[in-house]
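# Summary of structural features
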Amino acid sequence: MSDSKSYDILFKIVFVGLSKVGKSAIVSRYVDNMFSMRNQTIHPEFHVRNVVVDNIKVSLQIWDQGGCDRYMNLGNLFYRNAKGVFMVFDICKRDSFEYCQSWFDTTTRSVNKYNGFKPEKCVYYLIGNKTDLALDRQVTIEEAEQFSKSNNIKYLETSAKEATGLILFESITRDMLLKHTEMEPTSSISLMYSKSNSTASYLSTCC
Amino acid sequence: MALAFPPHAIQAILEIESNLYNYRGSFIPGFSKEELTTGGTSSFVIKEQKLESKSKSRYGQFKFLLSQDVINIDSLRYLSWGGIPVEQRPLVWKLLLNYLPKEKNLHNKILFEKKNQYKQLVTQFYRNGDLQNVDKTLLNQIRLDVPRTVPKGFSSTKLIQSTILHKILERILYVWSITNPKISYFQGLNDIPAQFLLVFLSQYINLYGDLNDLNNDILEKVEADTFWCFSLLMNNLKNRFIDFHDGIQKMSIKLERLVKLKDLHLSDHLTNEGCDFILFSIRWMICLLAREFDYALSTRLWDSYIAHGPNFGYFHIYVCAALLTTKEWATYIKEKEFSDIIVFLQHLPTDNWNIYHIDYLLVRAHKIFLLEMKSMVQESFQNITDQFKLKSLKEQQEQKELEEFVNNINNSNNNNNNNSNSNNNNNNNNNNSESLDDKIKDIQSQMKIKNNQLSVNTNDDKKQKTTTTTTPQPIQLEQLKEIHQELLVSTLSNKEIISPVVMEKIIELVTFNNEINLLNIQPDDADKELVKQVTTHLIIVMGTLLLVSVVLIIVIISTSLTILALQDKLTLPKEDDNQSDDDELD
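Residues numbered from 1 in each chain as written. Chains lettered and ligands numbered in written order. Predicted model: local features only at pLDDT ≥ 70, side-chain atom pairs only at ≥ 80, totals over all residues. Heavy atoms only, no water.

## Section: the overall build of chain B
For chain B, the count of helices and strands is 24 helices and zero strands. Considering only contacts in chain B between residues 6 or more positions apart, those separated by 24 or more positions represent 77%. Accessible area of chain B: about 29,600 Å², with a carbon and sulfur share of 52%. (Helix = DSSP H or I, 4+ residues; strand = E, 2+ residues; numbered from the N terminus. Contact = heavy atoms within 4.5 Å. Areas by Shrake-Rupley, 256 points an atom, 1.4 Å probe, with all protein chains shown as cover.)

## Points about the UniProt feature "domain: Rab-GAP TBC" (unreviewed entry) in chain B
Sequence positions flagged by UniProt for "domain: Rab-GAP TBC" (unreviewed entry) are, in local numbering, residues 83–309 of chain B. Across residues 83–309 of chain B, the secondary structure splits into 66% helix and 0% strand, with the terminal C-alpha atoms separated by 14 Å. (UniProt positions renumbered as here; feature names shortened; annotations may be inferred.)

## Here we look at helix H9 (residues 191–201) of chain B
Residues and elements named next belong to chain B. Across the 11 residues that make up H9, a large majority, 11, are buried. Taken residue by residue, H9 has Asp191, Ile192, Pro193, Ala194, Gln195, Phe196, Leu197, Leu198, Val199, Phe200 and Leu201 as its buried positions. At its buried positions, H9 is contacted by helix H4 (89–96), helix H7 (158–161), helix H8 (163–179), helix H10 (216–242), helix H13 (277–287) and helix H14 (295–308). (Buried < 20%, exposed > 50% of the residue type's maximum accessible area, 1.4 Å probe, protein only.)

## Concerning a nonpolar patch on the surface
Residue and element names in this part refer to chain B. Taken together, the side chains of Leu402, Phe405, Val406 and Ile409 make up a nonpolar region of the molecular surface, amounting to roughly 390 Å² of accessible area. Take Phe405: it is sitting in helix H18 (residues 355–414). According to the relative accessible area criterion, Phe405 is exposed, its value standing at 55%. (Patch = residues over 30% accessible without salt bridge, like charges linked within 9 Å, V, L, I, M, F, W, Y side chains within 5 Å. Salt bridge = Lys/Arg side-chain N within 4 Å of Asp/Glu carboxyl O.)

## A short note on the environment of A:Val88
All names here are of chain A. Summarising the element assignment, Val88 is placed in strand E4 (residues 84–90). In this structure Val88 comes out as buried when scored by relative accessible area, which is 0%. If we ignore the near neighbours within four places in the chain, the residues touching Val88 are Phe15, Val16, Gly17, Leu18, Val21, Lys23, Ile26, Cys100, Ile127 and Asn129.

## Quick look at the UniProt feature "transmembrane region" (unreviewed entry) in chain B
Mapped onto this numbering, the UniProt entry gives "transmembrane region" (unreviewed entry) at residues 538–566 of chain B. For the annotated span residues 538–566 of chain B, helix accounts for 100% and strand for 0% of the residues, and the straight-line distance between the end C-alpha atoms is 41 Å.

## Considerations on the packing of aromatic side chains
For the structure shown, the criterion picks out 37 aromatic pairs over all chains. An angle of 5° between the planes, with centres 3.6 Å apart, marks the rings of A:Tyr30 and A:Phe169 as stacked. Here A:Tyr30 is found in helix H1 (residues 23–32), whereas its partner A:Phe169 is found in helix H6 (residues 167–183), with 139 residues between them in sequence. Of the two residues, A:Tyr30 and A:Phe169, neither departs from the other in class, the shared state being buried. Seen in terms of ring centroids, B:Trp81 and B:Phe315 are 5.5 Å apart; in terms of plane orientation they differ by 55°. Their pairing is tilted. (Phe/Tyr/Trp six-rings, centres within 6.5 Å; stacked < 30°, edge-to-face > 60°.)

## A short note on the environment of B:Ile317
Residue and element names in this part refer to chain B. With respect to the helices and strands, Ile317 occurs in helix H15 (residues 312–324). The exposure class assigned to Ile317 is buried, which follows from its relative accessible area of 3%. Once the C-alpha coordinates of Ile317 and Trp284 are considered, the two residues, 33 residues apart in sequence, prove to be 9.0 Å apart. Those residues in contact with Ile317, other than ones at most four positions away along the chain, are Arg240, Met251, Lys254, Leu255, Leu258 and Met285.

## Remarks on the packing of H8(B) against H9(B)
All names here are of chain B. Closest axis-to-axis distance for the H8/H9 pair is 11 Å, and the angle between their directions is 130°. Classed by the angle they form, the pair H8 and H9 counts as oblique. The chirality of how H8 crosses H9 is right-handed. Of the residues in H9, those touching H8 at Leu165, Ile168, Leu169, Ile172 and Leu173 are Pro193, Ala194, Leu197 and Leu201. Of the residues in the contact of H8 with H9, the class split is nine nonpolar, no polar and no charged. (Axes fitted to C-alpha atoms, helices over the stretch in contact; angles between N-to-C directions. Parallel < 35°, antiparallel > 145°, perpendicular 65-115°, else oblique. Left-handed = near helix turned anticlockwise from the far one by under 90°. Nonpolar A, V, L, I, M, F, W, Y, C, P; charged D, E, K, R; others polar.)

## Description of the domain arrangement of chain B
All names here are of chain B. The domain architecture assigned to chain B consists of domain 1 (83–241) and domain 2 (245–375). Summarising the inter-unit geometry, the C-alpha centres of domain 1 and domain 2 are found 27 Å apart. Between domain 1 and domain 2, the contact holds 27 residues from the first and 27 residues from the second. Summed over both partners, the interface of domain 1 with domain 2 buries about 2,300 Å², with 63% contributed by carbon and sulfur atoms. By the criterion of area lost to domain 2, the three top residues of domain 1 are Lys152, Gln195 and Arg240, representing 31% of everything that side buries. Inspection of the region where domain 1 meets domain 2 yields three salt bridges. Asp191 serves as the salt-bridge partner of Arg291, at 2.8 Å between the closest nitrogen and oxygen. On inspection of domain 1 and its partner domain 2, the count reaches nine residue pairs in polar contact (both at pLDDT 80 or more). Mapped onto the side of domain 1 that touches domain 2, the elements with two or more residues apiece are H4, H9 and H10. Broken down by element, the residue count for the side of domain 1 that touches domain 2 peaks at six residues, all from H9. (Domains from an automatic or database assignment. Buried area = accessible area lost by both parts, 1.4 Å probe. Polar contact = N/O pair within 3.5 Å; in protein donor to acceptor, adjacent residues only side chain to side chain.)

## Topic: the pairing of strand E5 (residues 123–129) of chain A
Residue and element names in this part refer to chain A. Burial analysis of E5 places seven of its seven residues in the buried class, the great majority of the element. Here E5 shows a buried face lined by Val123, Tyr125, Ile127 and Asn129 and a second buried face lined by Tyr124, Leu126 and Gly128. In terms of strand pairing, E4 meets E5 through seven bridges, oriented parallel. When the bridges of E5 are listed, Val85 appears paired with Tyr124. Bridge count for E5 against strand E6 (residues 154–157) is four bridges, and the pairing is parallel. Across the sheet, Leu126 pairs through a bridge with Tyr155, a residue of E6. The β-α-β motif built from E5, the intervening helix H5 (residues 141–150) and the parallel element E6 has right-handed crossover chirality. (Pairing = 2+ DSSP bridges. Right-handed = clockwise from strand over helix to strand, strands pointing away.)

## A look at helix H5 (residues 107–126) of chain B
Residues and elements named next belong to chain B. Its 20 residues give H5 an end-to-end C-alpha distance of 27 Å, which sits within 8% of 28 Å, the value for a rise of 1.5 Å per residue. Burial in H5 covers these residues: His107, Lys115, Tyr118, Leu121, Val122 and Tyr126. Relative to the axis of H5, the buried residues are bounded by an arc of 125° and lie together on one face. Projecting away from the buried face of H5 at angles above 90 degrees are the exposed residues Lys109, Phe112, Gln120 and Thr123. (Expected span 1.5 Å × (residues − 1). Arc of directions from axis to C-beta.)

## Here's the deal with the nonpolar core
Of all hydrophobic cores here, the largest spans 164 residues; its most connected members are A:Leu126, B:Phe196, B:Leu201, B:Phe241, B:Trp302 and B:Leu324. Residues from two domains meet in this core; each of domain 1 (83–241) and domain 2 (245–375) of chain B gives at least three. If we skip the residues at most four places from it in the chain, B:Phe196 touches B:Trp93, B:Leu97, B:Thr226, B:Cys229, B:Phe230, B:Leu233, B:Trp302 and B:Ile306. Among the nonpolar cores identified, the runner-up in size contains 27 residues, and A:Phe11, A:Ala160, A:Phe169 and A:Leu177 belong to it. (Core = buried A, V, L, I, M, F, W, Y, C linked by side-chain atoms within 4.5 Å.)

This is how it looks when you write it as structure tokens:
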């Protein structure tokens, strides 16, 4: 298992959201840089991407859940040990946004249902996808931002088709690393991260 | 048996297996490649020719069967299990799913009726897909998924992108979901009617070409056929999808158990890496492997499923287990860690697979079934023999204690002088009983059939009477004897599998036994029930055999005794004679 040493830390990220909002499209755009119409996702599809953020090698395990309610029932496996959650909605579909709201409320409320899925350990992002179809927009940026602010989570907009807004992966990785240093300040990764972070901030203030 | 493998399936598998061995090396990567390298090209060509003639004769067989006025469904079922020629597939599937009756002259009438019935259902429920009058969320979900239904190998064909086809699928799925509200629609279900649609369309058009040949009449026919065949197929799978979560869970547990039997190392590795079977097997279970193989291969696999009969869903799990334990893949998986394993299992490299890989897959599924049978037989045997052994040992111990007691009394009465001796005796007796306890434990842990014979011997009289009275069905003693012997041989010599001959005999036997109605029980329980029955029968037979041998021994002893007595009688007069001679001499 020499491969297991090729990264410093491993994070699990899960995607939730109604079907056809573009969860798999965002993932395949990020992992393979491809955009295509494809079969619907049935069970958690699984992708791995290794990235380097602030000199720390991070392996991202990206779990892409099928949008069908019945697959949500198999959730405990899916959410176990997740460190990052992307709630994706389609900006042209009102109900997909409402679904994200209700999902966030119910899931964070019944956190203990899922093993090890603790909200304070998790980083949540709200993602509005399909900005390429902004003409048909049904969810305004303001209301999405309002929801995310009131729940203290970040909101980003993307277009998997036009490959915009994919900064979200890097952004969530940084946030997860920060959370990690908060939760376990003594671990070697945390030390590395706080060190690199301080030098970065030092440099930025310098220049 | 209404189990995972009905007799016709086993028969077909044995034939496939023998065919595969005849052509080994050229197609199957798991086989030795010696033949290929030493045989050179000439033998390869001959083999291909042989194969062609083989498939031609199969084609002829199908043609003959289907040309009959009343089609023999049983032979068709057996023949179809090994694969159906492309041209005959649409008709054969309809026949095997009981959509069409075996009387050929009724076919047109029924097709017409069914078409009209379906039309009625569509007007009743679908109502032109007007969102005002229908279940909105259901139809919307189906509308999202239908354009995303892309059977493997059809990603850029005109057919799959055509809106006509999408509308057809939408109607079929919607009407079915409304008429089966307990299951209703779920993602992945769309792949199943899509497969039927392609097969039935292939009767009229080239699936990869343009769609000029399509006209309304064909489309209407195909749509109705697809709907009914899809419903009939789903009827067999209903149980496992009504409680979705539970059904999937059960299937993946069963899969895990089978993989464990076949490749313990693999299943251990998967568990250690945290790869829950459900993570990769859901898609296999829901789409019946249609997403894992090319259209040509998945339809071939479905030939076997449809020919298999109503329990094919159960058989499907064995196929999944065989798929997972594919040799090269298993060795790859064993070296990898979680992420790599899951990514691999979600994109199985089946692109270079051909029909023979599917044949081999089916053969391996059967092998796993045999492994399971063997382990179940052994388990059940052990359970029953353990009970026998324990009982007999207890009786022995009781007897020993009684003897001890009697001895002690005798000792104390008679041997007042030798107190020390009697103490020793007591100690010895205690030791004996302790060692008996140990023995019981030993036997519980390691049970051998030879011991079992002894135990049955000790209390055969009672047991035999009670067991025979509880089984009213006539048992074919001769057959049972044979099976019993072969089973003994196979368990003792630790063979990999029970020989197919034995299996067949067990199957034959089961048909005699009308007491258990196998159709009424769950296949899983049916297996256990069958094994239990067979093993109890075996034990009865063993008991009778031993009884006979005991009787024989008694007869021998008594005859020898009488002979001895006679000899004595004969010799005595001789002495008298001698004496009398002596007397005379005197």
